[in-house]
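Examination of the molecular architecture
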Amino acid sequence: MRFLCVHFFALTIGRVVVFAFGLLIATNLHAQKANRIFISVDMEGIGGIGTAAMVSSSGKDYDTGRKLMTAEVNAVVAAIFEAGPAEIVVNDSHGDMQNLLHTQLDARVQYIQSNIKPLGMAQGLDNSFSGVFFIGYHTMAGTENGFLAHTGSSVVKGLWINGTEVGEGGLNAFYAGSLGVPVLLASGDKTFSEEIRKLVSPRIVITKEAIGNNAAKLLHPDVVIKELQVQTRAAVKDIGKAKPLSLSGPVEFKIKVDTPTRADIAMSIPGMKRLDGFTVSYQARDMAEAYKLIRVIYKYLDW
């Protein structure tokens, strides 16, 4: 009888231990919930790209630019997965938005291409994401010592969101902020890093230093990739601590274009107001409406 009691006690303890161990595993798996990361990747700020020809499909060494762009995205993706489970959406955000060699992208990502999409560089981003990465970005139109600086279209000379002048990075940061999603990492030329830091506080990777608008002093692509991986690991640790750019309620945007004729055309949009010969403004319900209309103006006026 004593043997049977001891045996029963041992079996009971064993079952308790097994149950506790299983509970611990289940709890740990729950704690390792996948981070959802949105990556918007432009081309001008990619490491190793130092001429306008490298970012144009008809230009010399464009194929090299595509390889450099793809390699940076893959390096960032690998570093994100090092930190644990992740769901990653990569949005091609340059030109016609079919630049990445998507068959060579890390197979674990989802990929969005084509520039016929309402939210352009931010297409696919929603409030379910843990954070946003801006890879290969550049400065706003008219910026001194900004490599290939522009804002959305060559016809746009200035863009303001609620009175703050922004480039593409700022516009996308405001959109992410309206969803409550923080910008975790941003890479591009030195002047871009200074520009984006005025709005948000992401981890920064500087890929080059502009010499005027059309030339740059480049870091080697291998150096850039190593730094991207270092900063990506740090950025993932910022999830839950990084703060999104605050934005809610109605949004006023202003756009300054290069000719009064283009401003005339923009006035065809119901609700648009004329501020001067080159500048129009619109009061949108929210950032999503503002972003979509800004995209329409980019496409409509660039004829």
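Before going further, it helps to examine the nonpolar core. Ranked by internal contacts, the top residues of the largest apolar core, which has 50 residues, are Ile161, Leu171, Phe253 and Met287. If you tally residues by element for this core, the top one is helix H7 (residues 287-301), at 8 residues. Contact partners of Met287, with chain neighbours within four places excluded, come to Ile161, Leu171, Phe174, Tyr175, Ser178, Leu247 and Val251. In terms of nonpolar packing, the next biggest core, distinct from the first, is built from 35 residues, Met54, Val76, Phe81 and Leu100 among them.

This next bit is on the sheet that holds strand S9 (residues 216-218). Spatial strand order, S3-S2-S1-S4-S7-S8-S9: 7 strands in an open sheet with mixed pairing. Each of the sheet's edge strands pairs with one partner strand only, and the pair in question is strand S3 (109-112) and S9. Pairwise comparison of adjacent strand axes, ignoring direction, gives a mean angle of 20 degrees for this sheet. Here 7 bridges tie strand S1 (residues 35-41) to strand S2 (residues 86-92), and the two strands are oriented parallel to one another.

Let us now look at the pattern of salt bridges. Following the criterion strictly, the structure yields 9 salt bridges and no others. We note a salt bridge from Asp126 to Arg36, for which the minimum N-O separation is 3.9 Å. With Asp126 in the loop between S3 and strand S4 (131-137) and Arg36 in strand S1, the pair connects residues that are 90 residues apart, well separated along the chain. When its relative accessible area of 31% is taken as the criterion, Asp126 is described as partly exposed. For the salt bridge of Asp258 with Arg262, the shortest nitrogen-to-oxygen distance reads 2.7 Å. On the basis of relative accessible area, Arg262 is assigned to the buried category, the value being 13%.

A few words on the side chain of Asp106. In this structure, Asp106 sits in the loop between S2 and S3. Here Asp106 falls in the buried class, since its relative accessible area comes to 17%. Contacts of Asp106, omitting those with residues within four sequence positions, involve Asn74 and Val77.

The next point concerns the packing of helix H3 (residues 168-178) against H7. Interhelical geometry of H3 versus H7 gives an angle of 150 degrees and a closest axis separation of 9 Å. Taken as axis vectors, H3 and H7 run roughly antiparallel relative to one another. For the pair H3 and H7, the sense of crossing is left-handed. Within the contact between the two elements, H3 uses Leu171, Asn172, Phe174, Tyr175 and Ser178 and H7 uses Met287, Ala288, Tyr291, Ile294 and Tyr298.

Taking 1.5 Å per residue as the helical rise, helix H2 (residues 62-82) with its 21 residues ought to reach 30 Å, and the 31 Å between its terminal C-alpha atoms agrees with that figure. Gly84 occupies a position one or two residues after H2 and carries a positive phi of about 140 degrees.

Scoring rules and cut-offs
- Residues numbered from 1 in each chain as written.
- Predicted model: local features only at pLDDT ≥ 70, side-chain atom pairs only at ≥ 80, totals over all residues.
- Heavy atoms only, no water.
- Core = buried A, V, L, I, M, F, W, Y, C linked by side-chain atoms within 4.5 Å.
- Buried < 20%, exposed > 50% of the residue type's maximum accessible area, 1.4 Å probe, protein only.
- Helix = DSSP H or I, 4+ residues; strand = E, 2+ residues; numbered from the N terminus.
- Contact = heavy atoms within 4.5 Å.
- Pairing = 2+ DSSP bridges.
- Axes fitted to C-alpha atoms, helices over the stretch in contact; angles between N-to-C directions.
- Salt bridge = Lys/Arg side-chain N within 4 Å of Asp/Glu carboxyl O.
- Parallel < 35°, antiparallel > 145°, perpendicular 65-115°, else oblique.
- Left-handed = near helix turned anticlockwise from the far one by under 90°.
- Expected span 1.5 Å × (residues − 1).

Nothing here speaks to function; it is geometry throughout.
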